[in-house]
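Listed here are the chains, written in short residue letters.
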Amino acid sequence: MDNRGQPLEWGMAGKGEPGGRIAENRRARHDYFIEERLEAGVSLQGWEVKSLRAGRLQLAEAYVLLKDGEAWLFGAHVSPLVAASTQTRADPTRSRKLLLHRRQIDSLVGAVERKGRTIVPLAMYWKAGRAKLEIGLARGKKEHDKRADTRERDWQRERARVMKSRR
């Protein structure tokens with residue numbers, strides 16, 4: 001959801017086209033209860049934009065930290081293209097600044113420090129020609145919560161299979 005409570009809509013385009021999803025962090029939904037979602041811009045270099053258009057991003061090990069009143073994305077791996085510029089040295093896992101409003105950062109700081117929440121990157125996608133990162137304010141799941149989710153998902157799948165066979 002965006003900061004107005006509206007669901008984020010990804011376009012029908014593929015990885016390399018504007019409006020499409022670049023990458024998704026499926027592990028985050030398994031490990032955390034996502035309580036709130038925000039959309040953040042990302043400060044990128046030119047070679048990174050080209051790599052994102054080619055869909056060369058991994059968010060599985062990425063996390064967001066708040067330092068000195070700014071939000072930073074750590075651990076996201078953007079693989080450089082073979083034809084990338086030789087004038088700049090490409091660092092695939094460099095920290096990238098997230099572009100958020102001061103109010104949003106202040107509310108995140110309050111939730112992280114007072115309530116013990118975590119900020120996780122959920123997905124990156126194109127919106128109006130710019131790369132946007134969906135971040136989530138999350139609470140960690142315990143092992144029994146993960147097992148309950150798996151049990152529920154298996155039950156839904158089994159129920160759908162049985163209902164389909166009855167028709």
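Everything numeric in this text was worked out from a predicted model, so none of it was measured. (Residues numbered from 1 in each chain as written. Predicted model: local features only at pLDDT ≥ 70, side-chain atom pairs only at ≥ 80, totals over all residues. Heavy atoms only, no water.)

K.L.:
I keep staring at the packing of aromatic side chains and nothing clicks. Help me out?
P.N.:
Applying the stated rule across the entire model yields one aromatic pair. A cation over a ring is seen here: R53 above W126, with NZ or CZ 4.2 Å from the ring centre. (Phe/Tyr/Trp six-rings, centres within 6.5 Å; stacked < 30°, edge-to-face > 60°. Lys NZ or Arg CZ within 6 Å of the ring centre and 35° of its normal.)

K.L.:
What is the right way to read the side chain of K132 from this model?
P.N.:
Residue placement: K132 occurs in strand β9 (residues 130-140). Here K132 occupies a buried position and makes no salt bridge, while the nearest side chain of opposite charge, E39, is found at 4.8 Å. (Helix = DSSP H or I, 4+ residues; strand = E, 2+ residues; numbered from the N terminus. Buried < 20%, exposed > 50% of the residue type's maximum accessible area, 1.4 Å probe, protein only. Lys, Arg positive; Asp, Glu negative; His and termini not counted. Salt bridge = Lys/Arg side-chain N within 4 Å of Asp/Glu carboxyl O.)

K.L.:
Explain the confidence of the model for the chain to me, please; I cannot follow it from the model alone.
P.N.:
Caution is warranted with low-pLDDT regions, since their predicted coordinates should not be read in detail. Residue-level pLDDT values for the chain average 82, and 86% of them are 70 or greater. Every residue in residues 9-16 is under pLDDT 50, and counting partners more than four places away or in other chains gives 19 contacts. (pLDDT = per-residue confidence, 0-100. Contact = heavy atoms within 4.5 Å.)

K.L.:
Honestly, the pairing of β9 in this entry has me stumped. Any pointers?
P.N.:
In regular strands, side chains alternate between the two faces of the sheet. Of all 11 residues in β9, eight are buried, a share of seventy percent or more. Relative to β9, strand β2 (residues 32-42) runs antiparallel, the two being bridged by nine bridges. Bridge pairing links E39 to E134 in β9. Taken together, the nine bridges between strand β8 (residues 118-127) and β9 define a ladder with antiparallel strand orientation. Within β9, the position partnered with Y125 by the bridge is K132. Here β8 folds back onto β9, and the loop between the two strands holds two residues, one of which, A128, carries a positive phi near 55 degrees. (Pairing = 2+ DSSP bridges.)

K.L.:
Would you take a moment to explain the sheet that holds strand β1 (residues 21-24) for this structure?
P.N.:
Strand pairing in a sheet relies on backbone hydrogen bonds. The paired strands run either parallel or antiparallel. Strand order in the open sheet formed by seven strands is β1-β8-β9-β2-β7-β5-β4, with antiparallel pairing between adjacent strands. Edge positions in the open sheet fall to β1 and β4 (63-67), since each of these has one partner strand only. Adjacent strand axes in the sheet meet at a mean angle of 40 degrees when their direction is disregarded. (Axes fitted to C-alpha atoms, helices over the stretch in contact; angles between N-to-C directions.)

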